[in-house]
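# Close look at the chain arrangement
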Amino acid sequence: EAGVTQFPSHSVIEKGQTVTLRCDPISGHDNLYWYRRVMGKEIKFLLHFVKESKQDESGMPNNRFLAERTGGTYSTLKVQPAELEDSGVYFCASSRGFVDNSPLHFGNGTRLTVT
Amino acid sequence: QKEVEQDPGPLSVPEGAIVSLNCTYSNSAFQYFMWYRQYSRKGPELLMYTYSSGNKEDGRFTAQVDKSSKYISLFIRDSQPSDSATYLCAMSARLNYGNNRLAFGKGNQVVVIP
């Protein structure tokens, strides 16, 4: 079984530019999550998809962040325009659908650096 | 007050020693408690999972949860160099079906010296 894959593994962009991160969950996993770790801080929840629907986006920092999940498969997280404080590691995770508290499987993350 | 507190100080131990890690939390709604292991440049990997209070043992790893004190622990016996990693505690409340929104601690970097 292939794990959660994220692309790119590392991205360096200038302030004001746009970046799109992609996540491919484990096949058959209905739940998809985005988390972020800013340097020196703990990993924090951003949002949760169930299939193609946003179930909980209360962790999204502001409207410069836009997440989509086309057809309930892969997901993208776009940051537009990027700011310096957006630098960090963005993790995607997936889990099986509608199983109470099923374990999350994390990808290796995308390391975003905004200069 | 942070939801989850984990003293992020690094920890170096000789091979074979017992590693002891802990977290405290403030949210009484947390019922699911996890420990993740993260190797450098990799994503967190679920190590131990406990529901409510009690102990759970898996090989050399033991997880303890004391909900009355809002305190969780992870013990690694007979530590090996391959255990060198960052260990993160995480927890969640019972939310709507299928939602597993985790609150993480900052993590402890553990180095096991051969």
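Further up the page is the structure itself.
What counts and what doesn't
- Residues numbered from 1 in each chain as written.
- Chains lettered and ligands numbered in written order.
- Predicted model: local features only at pLDDT ≥ 70, side-chain atom pairs only at ≥ 80, totals over all residues.
- Heavy atoms only, no water.
- Helix = DSSP H or I, 4+ residues; strand = E, 2+ residues; numbered from the N terminus.
- Rg over C-alpha atoms; globule rule 2.2 N^0.38 Å.
- Contact = heavy atoms within 4.5 Å.
- Areas by Shrake-Rupley, 256 points an atom, 1.4 Å probe, with all protein chains shown as cover.
- Pairing = 2+ DSSP bridges.
- Axes fitted to C-alpha atoms, helices over the stretch in contact; angles between N-to-C directions.
- Salt bridge = Lys/Arg side-chain N within 4 Å of Asp/Glu carboxyl O.
- Buried < 20%, exposed > 50% of the residue type's maximum accessible area, 1.4 Å probe, protein only.
- Core = buried A, V, L, I, M, F, W, Y, C linked by side-chain atoms within 4.5 Å.
- Phe/Tyr/Trp six-rings, centres within 6.5 Å; stacked < 30°, edge-to-face > 60°.
- Lys NZ or Arg CZ within 6 Å of the ring centre and 35° of its normal.

Secondary structure assignment for chain B yields zero helices and 11 strands. Its helices and strands taken in sequence order, chain B reads β-β-β-β-β-β-β-β-β-β-β from the N to the C terminus. The C-alpha atoms of chain B give a radius of gyration of 14 Å, which matches the 13 Å a tight globule of 114 residues would have. Projecting the C-alpha coordinates of chain B onto the three principal axes gives extents of approximately 45 × 30 × 25 Å. Contacts spanning at least 24 positions in sequence make up 55% of the contacts within chain B whose residues lie at least 6 apart. Accessible surface, chain B as shown: approximately 5,400 Å² in total, 47% of it carbon and sulfur.

What follows covers the sheet that holds strand β7 (residues 65-69) of chain A. Residue and element names in this part refer to chain A. Overall, antiparallel pairing links the four strands, which are arranged β1-β3-β8-β7 in an open sheet. If you trace the sheet from one side to the other, it starts and ends with β1 (5-7) and β7, each paired once. Along the sheet, successive strands turn relative to each other by an average axial angle of 15 degrees, direction set aside.

Counted according to the given criterion, the structure contains 10 salt bridges over all chains. Between Arg64(A) and Asp86(A) there is a salt bridge, with its nearest N and O atoms 2.6 Å apart. Of this pair, Arg64(A) sits in the loop between β6 (53-56) and β7 while Asp86(A) sits in the loop between β8 (75-79) and β9 (88-95), and the two are 22 residues apart along the sequence. Taken individually, Arg64(A) and Asp86(A) each receive the classification buried, so the pair is uniform in this respect. Overlapping salt bridges bring together Glu42(A), Lys44(A) and Lys2(B) as one network.

Turning next to the pairing of β8(A). Residue and element names in this part refer to chain A. Judged by how many residues are buried, β8 sits mostly within the fold: four of five residues are covered. Note that β7 and β8 share five bridges and pair antiparallel. Of the residues in β8, the one forming a bridge with Leu66 is Lys78. Where β7 folds back onto β8 in an antiparallel hairpin, the turn is made up of five residues, including Gly71, whose phi is positive at roughly 60 degrees.

Now for the nonpolar core. Residue and element names in this part refer to chain B. In terms of nonpolar packing, the biggest core is built from 25 residues, with Phe30, Trp35, Ile72, Leu74, Tyr87 and Met91 touching the most fellow members. Those elements that place two or more of their residues in this core are β3 (19-25), β4 (30-38), β5 (45-51), β7 (61-66), β8 (71-76), β9 (85-93) and β11 (108-113). At five residues, β9 tops the list of elements feeding residues into this core. Once residues lying within four places of it in the same chain are set aside, the contact partners of Tyr87 are Gln6, Leu21, Tyr36, Arg37, Leu47, Leu74, Ile76, Gly107, Asn108 and Val110.

Attention now moves to the packing of aromatic side chains. Residues and elements named next belong to chain A. Under the definition given, this model contains 13 aromatic pairs over all chains. Between Tyr33 and Tyr35 the ring centres are 6.3 Å apart and the planes differ by 35 degrees, which places this aromatic pair in the tilted class. Here Tyr35 falls in the buried class, since its relative accessible area comes to 0%. Across from the ring centre of Tyr74, 3.8 Å away, lies the NZ or CZ of Arg22, which sits over that ring.

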